[in-house]
There are 2 protein chains.
Amino acid sequence: MTKQTISVQLSTTKKQKPQTDQLEFGRIFTDHMFIMDYSVERGWHDPKIVPYQPIEMDPAAMVYHYGQSVFEGLKAYLSKEGKVLLFRPKKNIERLNQSNNRLCIPQVDPDTVLEGLKTLIQIDKEWIPTAEGTSLYIRPFIISTEPFLGVAPSKMYKLLIILSPVGSYYKEGIHPVKIAVESEFVRAVAGGTGTAKTAGNYAASLKAQEVAESLGFSQVLWLDGVERKYIEEVGSMNIFFKINDEIVTPALNGSILEGITRNSVIYLLRQWGYSVIEKKISIEELFAAYEAGQLEEAFGTGTAAVISPIGELMWKEHHLVINNGQTGKIAKQLYETITGIQKGAIQDSFDWTIEVDSIRL
Amino acid sequence: MTKQTISVQLSTTKKQKPQTDQLEFGRIFTDHMFIMDYSVERGWHDPKIVPYQPIEMDPAAMVYHYGQSVFEGLKAYLSKEGKVLLFRPKKNIERLNQSNNRLCIPQVDPDTVLEGLKTLIQIDKEWIPTAEGTSLYIRPFIISTEPFLGVAPSKMYKLLIILSPVGSYYKEGIHPVKIAVESEFVRAVAGGTGTAKTAGNYAASLKAQEVAESLGFSQVLWLDGVERKYIEEVGSMNIFFKINDEIVTPALNGSILEGITRNSVIYLLRQWGYSVIEKKISIEELFAAYEAGQLEEAFGTGTAAVISPIGELMWKEHHLVINNGQTGKIAKQLYETITGIQKGAIQDSFDWTIEVDSIRL
Ligand SMILES: Cc1ncc(COP(=O)(O)O)c(C=O)c1O
Ligand SMILES: Cc1ncc(COP(=O)(O)O)c(C=O)c1O
């Protein structure tokens, strides 16, 4: 695939930007968006930046009926020196193509998407918030648009990128969250779509989430769909435990999402000299470690929340209060290091950040 | 919930109707559609019939990202006497609400939806094709429309009904199809969304379907996601076997869809004196019956295809040729009876058909 030229149509009006202290997650969108179409005859074509606007689709468009869609989530930051930085964007585009593969969506050219993403951010640069905990959330997504009710891969798609200035993902900020272990509902199973970032996985998760929230928990911890005992991941985060001085996280088993934050966390922890073990870990095993006083920390990792310390886990009738319900040392150190690298304040020895260099329009 | 008044805005132009012998499944849509909105403040409101037209939505509309959507499928027929008949529509609306429940979508008022459906069909009545094997396919569906990227149930929805004149679902018509037993991919698992008619289930099925088609099979037969040995269902059909004079079909186990055709078939077969058993049935058990010469018939049941005889099943290296690859006696009898009842040509002793009586506009 060759990189395509992106056309740009600037908006004639500018929306008012939100107050930085009023930012929620994913409610406000910037002045422009990126859009690119796919047809069988022309492949992916006509990449362009246009004013943020509604999209018009036939009611028979396949995405409404058969959910053939994938998405990504990453963030842009403004450094103190005024540089716009992206965190590992190539990983997201790589994962987008992996999701495409599982969902029978044609592969995208990574360079065109990265170029589109950079151009869009450059244009809407003034929307990047700078207050503590804020950033510009980037949402690339692909939807199937062919007007057809047969169950088959669509022959037409749209790829869009939209931008949203965001505050902390959890109302609690980087304070510890309470999480409920889910025993009734299942998110994904090996052979299913759990490793892909596709719409249906999130639709499937809402019911359990709703129940957990009504009981005062902010997310659920999913167990595997087969034996209902191995720990998988949280709603939109992978999970880590510090047990007896080792860091343990569920292995990539064919049903959990391979988080980019998860990957970064493993690199950092190993650089710091920790032993990190990716393995099958059962909820009973975790509970036994807790009972033995060996469960020292637990935290989730994901783009939206970065690091989210877990203060309490509820499993059946058990309430596991971890690290006295306080943010653990490792979670704090990881949060500060990753957000520091993301904002260009801490030396990036892994070459994770990419600068959105000035693009001439 | 109380039934609401449906407003009607007729189209000023009429599209050309297709040739009856050129009908595919779900490619052509009629002149009008039904649409109704939901907001937290107003509940479901403003039910109306408008000209068939594209819908405009914010690119952040939740359905594109988190796939919160459900749908139904049923058919309208024109009897010889010119009556417009619907087959068990209340069952579909009941199932729509069951799907809504699983997907955290607010319940709809069944009477309003049924009224909308009848009014719409009455208006587009001339679109009902009459040739053998044709009908007017009805697709009610609900999509989440709130522009928000948090993973949570949407606070806004649209319910639409669109109509499509259709021919036979399978290119083969009511001729026997070849089906491949799927050993790698999984459609659904207990605790997941398999019992709901929601978009993500179909997105998850495409990959296996694509592989099967490339090998010359028209659909896959899914096995359970836990032990990977119990028979579940076909892409958009439930499945029945005649084994040793008994009719066997997988029990409703929490991961297969409760088909309305399945339910009708069970009633008819019992009325005809057959013993119908709903049970857990493993693929090994089926293969053993085949080897013993006891697998006499196999067929799928679903709204789109009605009854679809299975001439060959492939499982690993085994090719099970059933009834010499011919349509079986029971499949034929069921097809003729059900389509006969649907078209008002055969006495409907179960009160399954509802007449779309003339509605004054
Ligand atoms: C299901 C799921 N697991 C884990 C993650 C974490 O992945 P990442 O670190 O790439 O954001 C996400 C999302 O972002 C997710 O949706
Ligand atoms: C997964 C699945 N199973 C079974 C069926 C058959 O259900 P029904 O007979 O109600 O059409 C359908 C669809 O229509 C389906 O999508």
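Small disclaimer: the values here were computed from a predicted structure and weren't measured.

Caption draft 1: Expanded view of the domain arrangement of chain A. Residues and elements named next belong to chain A. Looking at chain A, the domain boundaries give domain 1 (7–167) and domain 2 (177–342). Centre-to-centre, using C-alpha coordinates, domain 1 lies 27 Å away from domain 2. The interface of domain 1 with domain 2 comprises 22 residues on the first partner and 21 residues on the second. Interface of domain 1 and domain 2: buried area, both sides summed, is about 1800 Å²; carbon and sulfur atoms make up 57% of it. If you sort the residues of domain 1 by the area they bury against domain 2, Phe71, Phe87 and Arg95 come out on top, with a joint share of 33%. On inspection of domain 1 and its partner domain 2, the count reaches zero salt bridges. At the boundary of domain 1 with domain 2, the tally comes to eleven residue pairs in polar contact (both at pLDDT 80 or more). For the side of domain 1 that touches domain 2, the secondary-structure elements that each account for two or more residues are strand 5 (69–71), strand 6 (74–78), strand 7 (84–87) and helix 2 (89–102). Here the side of domain 1 that touches domain 2 gets five residues from one element, more than from any other, and that element is helix 2. Of the residues assigned to the side of domain 1 that touches domain 2, the class counts are nine nonpolar, six polar and seven charged.

Caption draft 2: Molecular detail of the relation of the copies chain B and chain A. Expressed as a screw operation, the relation of chain B to chain A combines 0.0 Å of axial shift with a rotation of 180 degrees, fitting to an RMSD of 0.0 Å. The two molecules are tied by a two-fold rotation axis, judged by turn and shift. Of the interface residues in chain B, 100% have counterparts in chain A that sit at the interface too, so the contact is made through matching surfaces.

Caption draft 3: Structural view of the interface of chain B and chain A. Counting residues at the interface gives 62 residues for chain B and 62 residues for chain A. For the pair chain B and chain A, the summed buried surface comes to about 5300 Å²; carbon and sulfur atoms form 62% of the total. On the chain B side of the interface with chain A, the three residues burying the most area are Pro59(B), Tyr64(B) and Leu206(B), jointly 13% of the side's total. Our enumeration of links across chain B and chain A arrives at two salt bridges. Between Arg27(A) and Glu146(B) there is a salt bridge whose closest N-O contact spans 2.9 Å. Put simply, chain B and chain A have 23 residue pairs in polar contact (both at pLDDT 80 or more) between them. Secondary structure elements with two or more residues in the side of chain B that touches chain A: strand 4 (55–57), helix 1 (62–66), strand 5 (69–71), helix 2 (89–102), strand 8 (135–144), strand 9 (156–166) and helix 4 (199–214) of chain B. Here the side of chain B that touches chain A takes nine residues from helix 4 of chain B, the largest share from any one element. Of the residues assigned to the side of chain B that touches chain A, the class counts are 37 nonpolar, 14 polar and eleven charged. Bridge count for strand 4 (residues 55–57) of chain A against strand 4 of chain B is three bridges, and the pairing is antiparallel. The partner of Glu56(A) across the bridge, within strand 4 of chain B, is Glu56(B).

Caption draft 4: Examining the pairing of strand 18 (residues 318–321) of chain A more closely. As paired elements, strand 17 (residues 306–315) of chain A and strand 18 of chain A share four bridges and run antiparallel to each other. Counterpart to Leu313(A) in the pairing with strand 18 of chain A is Leu320(A).

Caption draft 5: The site of ligand 2, seen in detail. Residues and elements named next belong to chain B. Taken together, 16 residues surround ligand 2, and among them Tyr202, Glu233, Ile260, Thr261 and Thr303 come closest. A distance of 2.9 Å separates an oxygen atom of ligand 2 from a polar atom in the side chain of lysine 197. One nitrogen or oxygen atom from the side chain of threonine 303 is found 2.6 Å from an oxygen atom belonging to ligand 2. In isolation ligand 2 has 380 Å² of accessible area, and contact with the protein removes 97% of it.

Caption draft 6: Up close: unusual backbone geometry. Residues and elements named next belong to chain A. Even without being a glycine, asparagine 244 presents a positive backbone phi close to 55 degrees. Since its relative accessible area comes to 47%, asparagine 244 is described here as partly exposed. Notably, lysine 316 is not glycine yet its phi reads approximately 50 degrees, a positive angle. With respect to the helices and strands, lysine 316 occurs in the loop between strand 17 and strand 18.

Caption draft 7: Local environment of the packing of helix 5 (residues 260–271) of chain B against helix 7 (residues 329–342) of chain B. Residue and element names in this part refer to chain B. Interhelical geometry of helix 5 versus helix 7 gives an angle of 110 degrees and a closest axis separation of 11 Å. Considered as vectors, helix 5 and helix 7 are oriented roughly perpendicular to each other. Contacts between helix 5 and helix 7 pair Thr261, Val265, Leu268 and Leu269 from the former with Ile330, Leu334, Thr337 and Ile338 from the latter. Grouping the constituent residues of the contact of helix 5 with helix 7 by class yields six nonpolar, two polar and no charged.

Caption draft 8: View of the site of ligand 1. Residue and element names in this part refer to chain A. Close contacts around ligand 1 come from 16 residues, with Tyr202, Glu233, Ile260, Thr261 and Thr303 the closest. At 2.8 Å from an oxygen atom of ligand 1 is found a side-chain nitrogen or oxygen belonging to arginine 95. Contacts to ligand 1 include isoleucine 260, whose backbone N or O atom sits 2.7 Å from an oxygen atom. Alone, ligand 1 offers 380 Å² of accessible surface; in the complex the protein occludes 96% of this. The set of elements that each furnish at least two residues to the shell around ligand 1 consists of helix 5 (260–271) and strand 16 (295–302). The residue makeup of the shell around ligand 1, split by class, is four nonpolar, eight polar and four charged.

Caption draft 9: Summary view of the nonpolar core. Tyr64(A) and Tyr64(B) are the most contacted members of the largest nonpolar core, which has 56 residues in total. Ignoring anything within four residues of it in the chain, the contact list for Tyr64(A) reads Met57(A), Asp58(A), Pro59(A), Ile55(B), Met57(B), Val63(B), Tyr64(B), Ser69(B), Phe141(B), Ile143(B) and Ala199(B).

Caption draft 10: Broad picture of the environment of Asn97(A). Residue and element names in this part refer to chain A. Tracing the sequence through the fold places asparagine 97 in helix 2. Sequence-wise, asparagine 97 and glutamine 107 are ten residues apart; in three dimensions their C-alpha atoms are separated by 5.5 Å. The residues contacting asparagine 97, other than those within four sequence positions of it, are Gln107, Val108 and Pro110. Only 2.8 Å separates the side chain of asparagine 97 from the backbone nitrogen of valine 108, close enough to count as a polar contact.

Caption draft 11: Expanded view of helix 6 (residues 283–291) of chain A. All names here are of chain A. Buried residues of helix 6: Ile283, Leu286, Phe287 and Ala289, and no others. Each buried residue of helix 6 lies within a common arc of 160 degrees when the element is viewed along its axis, so the set occupies one face. Just beyond helix 6, the residue with positive phi is glycine 293, at close to 75 degrees.

Caption draft 12: The packing of aromatic side chains, seen in detail. For the structure on display, the rule yields 33 aromatic pairs over all chains. Measuring from ring centre to ring centre gives 5.4 Å for Phe240(A) and Phe299(A), while their planes differ by 5 degrees; the resulting arrangement is stacked. With Phe240(A) in strand 13 (residues 238–243) and Phe299(A) in strand 16, this residue pair connects regions lying 59 residues apart in the sequence. In terms of burial, Phe240(A) and Phe299(A) fall into one category: buried. Geometrically, the ring pair formed by Phe87(B) and Trp352(B) is edge-to-face, given 5.6 Å between the ring centres and 75 degrees between the ring planes. Remark: Trp352(B) occurs in the loop between helix 7 and strand 19 (353–355) and Phe87(B) occurs in strand 7 (residues 84–87); sequence separation between them is 265 residues. The class of Phe87(B) is buried, set by a relative accessible area of 8%. Judged by its relative accessible area of 5%, Trp352(B) is buried. A network of ring pairs unites the aromatic residues Tyr64(A), Phe141(A), Tyr64(B) and Phe141(B) as a single cluster. Over the ring of Tyr230(A) we find Lys280(A); its NZ or CZ atom is 4.5 Å from the centre of that ring. Over the ring of Phe217(B) we find Lys178(B), and its NZ or CZ is 5.6 Å from the ring centre.

Conventions we followed
Residues numbered from 1 in each chain as written. Chains lettered and ligands numbered in written order. Predicted model: local features only at pLDDT ≥ 70, side-chain atom pairs only at ≥ 80, totals over all residues. Heavy atoms only, no water. Domains from an automatic or database assignment. Contact = heavy atoms within 4.5 Å. Buried area = accessible area lost by both parts, 1.4 Å probe. Salt bridge = Lys/Arg side-chain N within 4 Å of Asp/Glu carboxyl O. Polar contact = N/O pair within 3.5 Å; in protein donor to acceptor, adjacent residues only side chain to side chain. Helix = DSSP H or I, 4+ residues; strand = E, 2+ residues; numbered from the N terminus. Nonpolar A, V, L, I, M, F, W, Y, C, P; charged D, E, K, R; others polar. Least-squares fit on C-alpha atoms with pLDDT ≥ 70 in both. Pairing = 2+ DSSP bridges. Near = heavy atom within 4 Å. Areas by Shrake-Rupley, 256 points an atom, 1.4 Å probe, with all protein chains shown as cover. Buried < 20%, exposed > 50% of the residue type's maximum accessible area, 1.4 Å probe, protein only. Axes fitted to C-alpha atoms, helices over the stretch in contact; angles between N-to-C directions. Parallel < 35°, antiparallel > 145°, perpendicular 65-115°, else oblique. Core = buried A, V, L, I, M, F, W, Y, C linked by side-chain atoms within 4.5 Å. Arc of directions from axis to C-beta. Phe/Tyr/Trp six-rings, centres within 6.5 Å; stacked < 30°, edge-to-face > 60°. Lys NZ or Arg CZ within 6 Å of the ring centre and 35° of its normal.

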